[in-house]
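Tertiary structure, described
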Amino acid sequence: MALGGNPIFNGKNFRGATQAPPAPQAYGQGYGQNYGQAPYGQNYGQPQYGQQAGWNAGQQAMSSEQLQDLYNRPAAGPADAGRMTFDDVIMKTAACLAAVIAGAAVTLVVAQGLASMLMLVGALGGFVLALVNTFKKQPSPALILAYAALEGLFLGGLTRILDGMFPGVGLQAVIGTLSVFAVTLVLFKSGKVRATPRAMRFFMIALIGYAVFALINMVMMWTGAVQSPFGLRTSVEIFGIPLGVFIGLLAIGLAAFSLIMDFTSIEAGVRAGAPQRFSWTAAFGLTVTLVWLYVEIIRLLAILRGDD
């Protein structure tokens, strides 16, 4: 099964946690141990099956009421056994998104000069913590929430700038992000869209192509080769439509499919009984994808508004 293209889910720790443990060996199937036969090297006269020392009179004297009480007790669920559950992932993702909103609120209410500085701090700090959390052997809730808060600073500053230029794009981007998330979740739950190996190959090819374009565009903007605020996205047109519209639609599609792959990885982790701590890894992966999706949507909206 293909796990997520998200490097967070492709890390060896999460992948290892999604591997189901080997089935326990059935009684009596051990090497050289047939049913009722003494193990190799066991001395004659050693207690056999049903004669363990722990079997005492107190255990034999358990009343029928005690047995019935034990039988009626509910079985331990995944959460009781310290395993990852969908509820864990939902709650921890909600905590991450709350940290993103809190960080965004800061840059939306402070002075413009301070907001720009905090936006830069959030972008650089979020990038560093994203790398740390991706390659860290064990998930750290504090570092994951810190990443979410820093990304909130960046998104809040970006939204403030673009919404000042094109009023309303911030709210539209939020609605668009939530809509794409809801649609991908419904499609995944219905089984209509799955992260098949073939789809994964197309995704990786498109993602590499998009990354190369983004790198070239960034270099040209930094060197002053293009003067447009969005670089090649708005300085180049195809049939009168800015190149950024086509690139933006491609990027949103890639981010949406990345969500499908994230859902696939989370489902695999829950089914395999991954340790509960990896629900933080799942929440981190979803947060990274949602941040990427929001950035692509608000940039596309700004390009469309700027072309009016």
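Below, the structure is looked at part by part. (Residues numbered from 1 in each chain as written. Predicted model: local features only at pLDDT ≥ 70, side-chain atom pairs only at ≥ 80, totals over all residues. Heavy atoms only, no water.)

Thoughts on the overall build of the protein chain
The secondary structure content of the protein chain amounts to 12 helices and 2 strands. Starting at the N terminus and ending at the C terminus, the protein chain contains elements arranged as α-α-α-α-α-α-α-α-α-α-β-β-α-α. Counting across all 308 residues of the protein chain, residues that qualify as buried make up 39%. For the protein chain, the exposed area adds up to about 17800 Å²; of that, 67% sits on carbon and sulfur atoms. (Helix = DSSP H or I, 4+ residues; strand = E, 2+ residues; numbered from the N terminus. Buried < 20%, exposed > 50% of the residue type's maximum accessible area, 1.4 Å probe, protein only. Areas by Shrake-Rupley, 256 points an atom, 1.4 Å probe, with all protein chains shown as cover.)

Side note on the pattern of salt bridges
Here the structure, examined in full by the defined rule, presents 3 salt bridges. Among the ionic pairs, E267 bridges to R271, the shortest N-O distance being 3.5 Å. Of this pair, E267 and R271 both sit in helix 11 (residues 243-271), separated by 4 residues, roughly a single helical turn. The exposure class of E267 is buried, given its relative accessible area of 17%. Judged by relative accessible area, which is 69%, R271 ranks as exposed. Across the salt bridge formed by R299 and E296, the nearest N and O atoms sit 3.0 Å from each other. Linking R299 with E296, this pair stays in helix 12 (residues 278-306), spanning 3 residues, or about one helical turn. E296 sits in the buried class, given a relative accessible area of 3%. In the salt-bridge network here, residues are joined through shared partners; they are R194, E267 and R271. (Salt bridge = Lys/Arg side-chain N within 4 Å of Asp/Glu carboxyl O.)

As for the packing of helix 5 (residues 86-109) against helix 12
Orientation of helix 5 relative to helix 12, taken along the N-to-C sense of each, is 45°, at an axis distance of 8 Å. Taken together, the axis directions place helix 5 and helix 12 in an arrangement best described as oblique. The element helix 5 and its partner helix 12 pack so that their crossing is right-handed. Contacts from D88, V89, K92, T93, C96, L97 and V100 in helix 5 reach S279, W280, A282, A283, L286, T287 and L290 in helix 12. (Axes fitted to C-alpha atoms, helices over the stretch in contact; angles between N-to-C directions. Parallel < 35°, antiparallel > 145°, perpendicular 65-115°, else oblique. Left-handed = near helix turned anticlockwise from the far one by under 90°. Contact = heavy atoms within 4.5 Å.)

Section: unusual backbone geometry
Despite not being glycine, F239 has its phi angle at roughly 55°, a positive value. The exposed category is assigned to F239, whose relative accessible area is 81%.

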